[in-house]
Amino acid sequence: MSRRWHTVAARLEGLLMLGIGLGAGWFALQDEYGRLMNPRFRWLTLGGAGLVVAMGFALSLRPRRDAGRGALFVFGAMVLLVLVGRPLSDDGVLGPFGGRSLPPRPELPGYEEMPARYLFGPGRDGRKVEVDTPYVVPGLVKRTAELDAEGHFILLDPVMACCLADAVGFGVRVESKPGEEPEEGKWVYVAGRFRQLGEPVDTPPFRLGAIAFTSVDRERVLVAEEILTFQSLLEDLPEKIPADRCSHFLRGLEDTGLIEVLRQKGPWTVLAPIDEAFDGLPAAERAALFAPEGRAELERLLRRCILPGRLAKGDLFSAAGTETLEGTPLEVEVVNGRLRLQGARLLFGDQAARNGILHIIHPLPRRPRAR
Amino acid sequence: MIESLRIFSAIATAIALEALPFLAIGSLLSALVEVFVTPERLTRLAPRGALRGAALGVAVGVVVPTCECGVVPVARRLLRKGAPAPFTLAYMLAAPIVNPVVLISTYVAFRGSWRMVGARALIAVVVAVTVAWIVRHAGGRDVLREGAAGRGHDAHGCGAAASSRSWRGAGLRVLQHAASDFLEMGKYLIVGALAAAAFKAFLPPGSLAPLEGNLLVAVAGMMFLAVVLSVCSEADAFVAASFLSLPAAAHLAFITIGPMVDLKLLALYGATFRKRVVLVLVIVPVVLVFALTLLAGVML
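Residues numbered from 1 in each chain as written. Chains lettered and ligands numbered in written order. Predicted model: local features only at pLDDT ≥ 70, side-chain atom pairs only at ≥ 80, totals over all residues. Heavy atoms only, no water.

(A) Spotlight on the overall build of chain A. Helix and strand counts for chain A stand at 13 helices and 12 strands. Principal-axis analysis of the C-alpha atoms places the extent of chain A at approximately 75 × 70 × 35 Å. Out of the 371 residues belonging to chain A, those deemed buried represent 49%. Restricting to contacts in chain A with at least 6 residues of sequence separation, those with at least 24 account for 69%. (Helix = DSSP H or I, 4+ residues; strand = E, 2+ residues; numbered from the N terminus. Buried < 20%, exposed > 50% of the residue type's maximum accessible area, 1.4 Å probe, protein only. Contact = heavy atoms within 4.5 Å.)

(B) The sheet that holds strand β8 (residues 306–308) of chain A, seen in detail. All names here are of chain A. In space, the six strands of this open sheet follow the order β8-β7-β12-β11-β10-β9, with mixed pairing throughout. Sheet topology places β8 and β9 (332–335) at the edges, where each strand pairs with a single neighbour. Put simply, the sheet's adjacent strands are angled 35° from each other on average, direction ignored. (Pairing = 2+ DSSP bridges. Axes fitted to C-alpha atoms, helices over the stretch in contact; angles between N-to-C directions.)

(C) Summary view of the layout of surface pockets. One number sums up the size of the second largest pocket: a volume of about 640 Å³. Along the wall of the second largest pocket there are 28 residues; nearest its centre are T214, S215 and V216 of chain A together with E212 and S245 of chain B. Considered class by class, the residues forming the lining of the second largest pocket number 15 nonpolar, seven polar and six charged. (1 Å grid on protein atoms, 1.4 Å probe; cavity = no way out; pocket = protein on both sides within 12 Å on 5 of 7 lines; lining within 4 Å. Points joined across faces, edges and corners; volume = space filled by probe spheres on them. Nonpolar A, V, L, I, M, F, W, Y, C, P; charged D, E, K, R; others polar.)

(D) Geometry of the pairing of strand β6 (residues 213–229) of chain A. Residue and element names in this part refer to chain A. Bridging between strand β4 (residues 168–175) and β6 involves seven bridges; their strand directions are parallel. The partner of R173 across the bridge, within β6, is V221. Where strand β5 (residues 187–196) lies against β6, nine bridges are found, and the strand directions are antiparallel. Residue pairing in the sheet places A191 in a bridge with E226 of β6.

(E) Focus on a nonpolar patch on the surface. Residue and element names in this part refer to chain B. Among the surface-exposed residues, I104, Y107, V108 and W114 lie close enough to one another that they form a single nonpolar patch of about 440 Å² accessible area. Considering every element that reaches the nonpolar patch, the biggest residue donor is helix α6 (residues 100–109), with three residues. With respect to the helices and strands, V108 occurs in helix α6. Taking the relative accessible area as the measure of exposure, V108 reaches 47% and is therefore partly exposed. (Patch = residues over 30% accessible without salt bridge, like charges linked within 9 Å, V, L, I, M, F, W, Y side chains within 5 Å. Areas by Shrake-Rupley, 256 points an atom, 1.4 Å probe, with all protein chains shown as cover. Salt bridge = Lys/Arg side-chain N within 4 Å of Asp/Glu carboxyl O.)

(F) Expanded view of the confidence of the model for chain B. All names here are of chain B. Here chain B averages 84 in pLDDT, while 93% of its residues score no lower than 70. Scored below 50 in pLDDT, residues 151–155 makes 10 contacts in the model with residues more than four places away or belonging to other chains. Of the regions scoring below 50 in pLDDT, residues 157–164 engages in 10 contacts with residues more than four places distant in sequence or in other chains. Interface predicted TM-score (ipTM) for the complex: 0.75; the corresponding pTM is 0.72. (pLDDT = per-residue confidence, 0-100.)

What follows is the structure in C-alpha cells.
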C-alpha cells in the first residue's frame, strides 16, 4: 500500500468510526429502532455508540500506523447494505415490530388479556390458560387458503428478545364466524374462549417477514366472540389533537365546523399547528383571523392543514402535489434531511387515530406559491 | 427476492447493531489491559497449570460479563501480553455462557428450569476445561496467528507516547487501542453477521420439520442451526425455547454450542488464532456438546 493511500486510509478510519457511532446513536433515538432492536436495549446502543464516537475521535487525533483497506472496505460495505436495504422503511416487509405506539387496550370487563406466548407455558403470574375462561388475545392476523377453508386464521404473537435476528412468533388458531375474518397482517384483539381440540392439529409452517420460526398451538383453538381491530379502538381525530398544545387550531376547527368533517369516516391526514404558530402572527392579524369576518380566511388556512388519506411521516416525503382540503397542492421540501410541509416543520408525527393520522407542525403552513 | 434481500439487510444490520456495544466494551477492556497491565504483572497473576488456569478463566467469566462478540478482542490482548493460553481460552469459551446475565435469561426463557441452566453452565465448563488441558503447554503468543500476535509493541507507538504519564494521555491511548481493536475485530464480526443474516433470511419455512422425532438428528440439526444463525448468547435461550416440537436436549445443544462456535466467531477465531488452535476451538466444543447433550437427552 502506498504511503499516500495509507495516510488517507488512516484518516478515513477515524471518520468512519465517528460516522458509525453517530449513526448508531441517531438510530437509537428513532421510533424505528424498535423495528430492528428490542427498545429495552436503546440505552445499550446509545452507550455503545458514545463509546465508538469517543474512539473515532481519538483515532482522528492520532491515526493508527497499521491502517488498512480491510476494515474500511467491510465497514463501508455494511453502511452501503444498510442504505440499500432501507430497514427504516415502514412497508411491513420486515415484520410486525417497532414503529408506532400501540393503541389503547380494549375495555372488556371480565376478560383477561392473554398473549399467545403464554399458551406454551405458565401464563402471567404462573397461571395456566384455562379452557372456557374469557380471554382477550392480541396479535397479528395470518391467513392462508387452507386455514380459510377450515374457518380459521392464526393470531400471532411476535416476540423479539434482543434483535430481529432472534425474532420468533407464537400463534393460536382462531375460529371466527364466516365473513368476520379480519384482514391479513392486521393487529387485532380477539375476545373469546379456548376450546380443547379432540386431536392435535398441525399448521403448515409459514414465515412472517423476518420471523422465520413460528409455533402454533396444536391443542386448542380460540373461539372468537368479538374481533376488535386496533383501528376501531382508536379515538377520532378531534380527540387525538392535544388540547393543551393546539388549542387555537381546535378552536378554529370548531368555529368553522371543520371538526365535524374530522369526525367523518375519512381517512384524513391532519397537520395540526401548535399554539405558538398562531401566537407568532401579529396580534391584529390573529384577532382578525378568529373574528367572524375572518372566518373564510381561517377556514382556508385550516383546510390547508387537512389532506385526504392516511399519510404517515414516511409517505409525506413523496406526497408533494397531493391536494389539500383547500384544493391546493401540498408543497414538500426536505431541508437538511428534515421534512417541511408548506414551509412548516414536522415536530411530532404519526399519531394514529381511528379515522386518520395526526402530525404536529410549526409554524403555520404558508399559502401555496403562485404557479 | 427483493423482500428477502431487504430482510437479509435488516437482519445483518440488527446483528451488527446488537453486537456494537459489546464489541466496543470488549475493545475497551482489551485496551485497558494493554495500557494498564504490564506483561510481568499478568504473568505473575495468571496461573500456569491447565486446571488452575481453566478454573480462574471460568471464574473471571462469571464476574466479567462479556458476550461472545466482545470476548475475542479481550482474549487476543491477554494472549499478546503473555497470559497463559489455558486461562485465556477457558475464559473466552466460558464467559459468554456462565455470566449471570446469560444464566438469568436462560432461566427466564425456559420458564424457571434450573436443570436447563445448570446443564448449560456445566457443559460450557467441561468444554472450557478440556480446551485448556489440550493447550496446557502453549504460551500466549504460541496460539495467536502471525499478524494477531502484534508487530512490535502496538499500532499506536506506545513507546513514544509512554512519556506522557498523565491520565489524559493514558485515556487517549486507551481509546486509540480500543478503536484499533474495534476495527480489526469488527470487520470479521460483520462478515459473520452477513453470513448469519443470509441463512436466516433465505431459510425456507418448515426447515425444522425433518429434525422432529429423532433425538440424534434433532441435536445435530439444532447445533448446525445455532452455528449458522449466530444468535447472541443473551437471546439464544428465547429462540431455542420457541422450538416447541423439539426435545429439551436439542434446545440444550443449541444454547451451548452457539456462544462457542458460530459464524461470527469462526470469522473472529480465523483472524486471531493459528489454524491448529481454531480446529481445537471448533472440534472440541462440537464433539463434547453433541455427546453430552445426547447423553442428557437419553438420561432425562
